[in-house]
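Inside the fold
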Amino acid sequence: MPRRTKAERHPGIEDRWSSTAGRSGKGKRWRLRMRGLPGHERPVVELFDDLEKAVDRRAELLRAKDDPAEQRVEAGKVSLADIATSYHKWLSASQDKPTEHYLDTVEHVLARAVDAGLNNVRARTWADDAHGWIQSLTAQRHGQKKAKPAAESTRRAYRAILGGALNYAVDVREWLAANPFRKIKTRRTKAKRLRIQSQTTESNAHKIIPVPVLASLVGDAARWRVDAKRQQAEEAVAKHHGDKEAAAKALKVSVATVYNRLARHDRHEDPRWMIAVLMTYTGMRLGQAVGLQWSDLDLAARTIRLRPEVIGNKSGVDSTVEMEDELHDVLEDYPRRGALVVPDPIEPNTKKKSKRTMRRQWLTESFDQYLASHGAAGHNAHDFRHSFVCMLTAMGVPTADVRRRVNHSDVAMTSRYADHMLATYRRACMGWDGALKLRARTGQGDSSQTASR
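Residues numbered from 1 in each chain as written. Predicted model: local features only at pLDDT ≥ 70, side-chain atom pairs only at ≥ 80, totals over all residues. Heavy atoms only, no water.

**Side note on the overall build of the protein**
A tally of helices and strands in the protein yields 20 helices and 12 strands. A total of 453 residues make up the protein; the buried ones form 37% of that total. With the model as given, the accessible surface of the protein reaches about 26,900 Å², and the carbon-plus-sulfur share is 49%. (Helix = DSSP H or I, 4+ residues; strand = E, 2+ residues; numbered from the N terminus. Buried < 20%, exposed > 50% of the residue type's maximum accessible area, 1.4 Å probe, protein only. Areas by Shrake-Rupley, 256 points an atom, 1.4 Å probe, with all protein chains shown as cover.)

**A word on the pattern of salt bridges**
A complete count under the given rule lists 17 salt bridges for this structure. Of the charged contacts, one joins Arg307 and Asp296 as a salt bridge, the two residues approaching to 2.9 Å between their closest N and O atoms. In this pair, Arg307 is assigned in the loop between strand S9 (303-306) and strand S10 (319-322) and Asp296 in the loop between helix H13 (286-290) and strand S8 (297-298), connecting sequence segments 11 residues apart. Each member of the pair, Arg307 together with Asp296, is buried. Overlapping salt bridges bring together Glu322, Glu324, Asp401, Arg404 and Arg405 as one network. (Salt bridge = Lys/Arg side-chain N within 4 Å of Asp/Glu carboxyl O.)

**Section: the packing of aromatic side chains**
Under the counting rule described, the total for this entry stands at 8 aromatic pairs. Summarising the aromatic geometry, the rings of Tyr168 and Trp175 are spaced 6.5 Å apart at their centres and angled 75° between planes, so their arrangement reads as edge-to-face. Just as Tyr168 is buried, Trp175 falls in that class too. An aromatic cluster is defined as three or more aromatic residues linked by ring pairs; in this entry it consists of Tyr87, Trp90, Tyr168 and Trp175. The ring centre of Tyr334 lies 5.4 Å from the NZ or CZ of Arg337, which sits over that ring. (Phe/Tyr/Trp six-rings, centres within 6.5 Å; stacked < 30°, edge-to-face > 60°. Lys NZ or Arg CZ within 6 Å of the ring centre and 35° of its normal.)

**Focus on the packing of helix H9 (residues 228-239) against helix H10 (residues 244-251)**
For any two helices packed against each other, the geometry is given by the interaxial angle and the distance between the axes. Taken N-terminus to C-terminus, the directions of H9 and H10 make an angle of 120°; their axes are 8 Å apart at the nearest point. With respect to H10, the axis of H9 lies oblique. The handedness of the crossing between H9 and H10 comes out as right-handed. The residues of H10 that touch H9, namely those facing Gln232, Ala233, Ala236 and Val237, are Lys244, Ala247 and Leu251. (Axes fitted to C-alpha atoms, helices over the stretch in contact; angles between N-to-C directions. Parallel < 35°, antiparallel > 145°, perpendicular 65-115°, else oblique. Left-handed = near helix turned anticlockwise from the far one by under 90°. Contact = heavy atoms within 4.5 Å.)

**Section: the confidence of the model for the protein**
Within the protein, residue pLDDT values average 78, and 77% of them lie at 70 or more. Of all secondary-structure elements in the protein, the lowest mean pLDDT belongs to helix H2 (residues 68-74), at 46, while S8 reaches the highest, 94. Of the regions scoring below 50 in pLDDT, residues 21-25 engages in 7 contacts with residues more than four places distant in sequence or in other chains. This model gives residues 69-76 a pLDDT under 50, and the stretch forms 22 contacts once residues within four places in sequence are excluded. (pLDDT = per-residue confidence, 0-100.)

**Side note on the layout of surface pockets**
Looking at the largest pocket, its volume works out to about 800 Å³. Every residue lining the largest pocket is counted, 20 residues in all, and those nearest its centre are Ser153, Arg156, Leu286, Gly287 and Thr364. Listing elements by their share of the lining of the largest pocket, those giving two or more residues are helix H6 (152-172), H13, helix H15 (361-365) and helix H16 (367-373). Of the residues forming the lining of the largest pocket, the biggest block, 4 residues, is contributed by H6. Its residues assigned to classes, the lining of the largest pocket comprises 6 nonpolar, 7 polar and 7 charged. (1 Å grid on protein atoms, 1.4 Å probe; cavity = no way out; pocket = protein on both sides within 12 Å on 5 of 7 lines; lining within 4 Å. Points joined across faces, edges and corners; volume = space filled by probe spheres on them. Nonpolar A, V, L, I, M, F, W, Y, C, P; charged D, E, K, R; others polar.)

**Observations regarding the environment of Lys28**
Tracing the sequence through the fold places Lys28 in strand S2 (residues 27-34). By relative accessible area, Lys28 is classed as partly exposed at 34%. The sequence separation of Lys28 and Asp15 amounts to 13 residues, and the corresponding C-alpha distance is 6.8 Å.

**What to know about the state of the cysteines**
In protein structure, a disulfide is the covalent linkage between the sulfur atoms of two cysteines. Within this structure, the stated rule accounts for 0 disulfides. Of the cysteine sulfurs around Cys390, a residue in no disulfide, the closest is that of Cys429, at 9.2 Å. Look at Cys429 and you get buried, because its relative accessible area is 6%. (Disulfide = S-S within 2.5 Å.)

**Focus: the side chain of Gln288**
With respect to the helices, strands and loops of the structure, Gln288 is situated in helix H13. Excluding anything up to four places from it in sequence, Gln288 contacts Leu306, Val310, Ile311, Gly312 and Asn313.

**Points about the side chain of Ser319**
Structurally, Ser319 is set in strand S10. Apart from the residues lying within four places of it in its own chain, the contact partners of Ser319 are Ile304, Arg305, Leu306 and Asn407.

**Comments concerning empty space enclosed by the protein**
If you walk through the whole model with that rule in mind, you get 3 cavities of 30 Å³ or more. In this structure, the largest cavity occupies an estimated 60 Å³ of space. Considering the residues around the largest cavity, the lining is formed by 13 residues, among which Arg285, Gln288, Arg385, Val406 and Asn407 are closest to the centre. Split by residue class, the lining of the largest cavity holds 3 nonpolar, 6 polar and 4 charged.

**Some remarks on the sheet that holds S9**
Taken in spatial order, the 3 strands line up as S8-S9-S10 in an open sheet, and their pairing is antiparallel. Lying at the two open borders of the sheet, with one neighbouring strand each, are S8 and S10. Both S9 and S10 contribute to a ladder of 4 bridges, which runs antiparallel. Opposite Ile304, over in S10, you have Val321 as the bridge partner. (Pairing = 2+ DSSP bridges.)

**Comments concerning the environment of Val211**
Along the chain, the position of Val211 falls in helix H8 (residues 211-218). Using a relative accessible area of 2% as the deciding quantity, one classes Val211 as buried. As a C-alpha pair, Val211 and Met391 span 180 residues in sequence and 8.6 Å in three-dimensional space.

**Examining the environment of Arg16**
Inspection of the secondary structure assignment puts Arg16 in strand S1 (residues 13-18). Taking the relative accessible area as the measure of exposure, Arg16 reaches 39% and is therefore partly exposed.

Dropping the structure here:
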């Protein structure tokens, strides 16, 4: 039986001798001939100098013949619905399979994009339409009667999922030449680069919290909140010369309500104060402060462990940082009310003799209100991180050590943050000798002000 050639082992590929191939004027080429392909009225005939390339092309055409999604690609009509189906299947079969919740989220986001009219990814205006659709997203949260604009985190998640699906279509399946979701970045001139740099420096200067404001945020005065209802009842009773019935009529409540309000504590601790203390003395992010546990603290060694699984640890690295002396003194005297350092906000109920635990999410949602009520209006939680970097740099701590303590990805990022208002911080941090002294600055370290609920 005669031995088959390499080409005969692959149906559809034929040996074809060419007078132009090879150095000697003679050589072999391979011709691929395929029938029944979608999007092609006539058989596909292609010539190759390399047999392996011909075999790969044949396999690609066979996939296009069997896979309905590939058929649309060969016909030049790739759609987002086809990309979504193939992308979801690829994610489910990948070695690092994501969670079922993430797979459902991907399917939901891509289905919403298709329903919004973004199915034709080859349209010239697809990128602008996609960005406009994401900006106009609405969400109806629990307890809301009307839908409100979606949060920025939701819009970022939608952009990431859409971009991932299109990157899959470009890099893995080669259905698209480029990701239409990415805008082409224009080359910056020197003047434009300097203008952007000056604007960034000016805007970042407002992200630094002044040292006197930081001192007030971590002081004991900001730790306690006055009970507004008790204060209102006391003022009404004093106005009516101790007549509680007249005070109840003035407040439009029952006499029992007045008695209950007067029986409440005159002040109670604000758990957001501990969040401000942790972020001021460590530079950790808001999620890390809210999720910090007592088991992460080693008061004897004066160290703090930053767990990688905590929300807010972007690097995902388990690291240990040293603890400032003033923070150590605060945590040593702070009462432990559970596994978490930042306690759950509670509201006493004198009538039922119980405590109603509020949503822990309130800590993060209302933190900007806490800042505004203590002289830091216009700032947010991340500004504590920038301020911590500036204070360490102003005290003369090496940049590499600062980068390690805040867990930045590179030294350049730390240096960029450390340049903001550095001259002002040097004057404010004068005489600190390498240790933060915010509570000692105003004499607020007196533990005699500590009180129970």
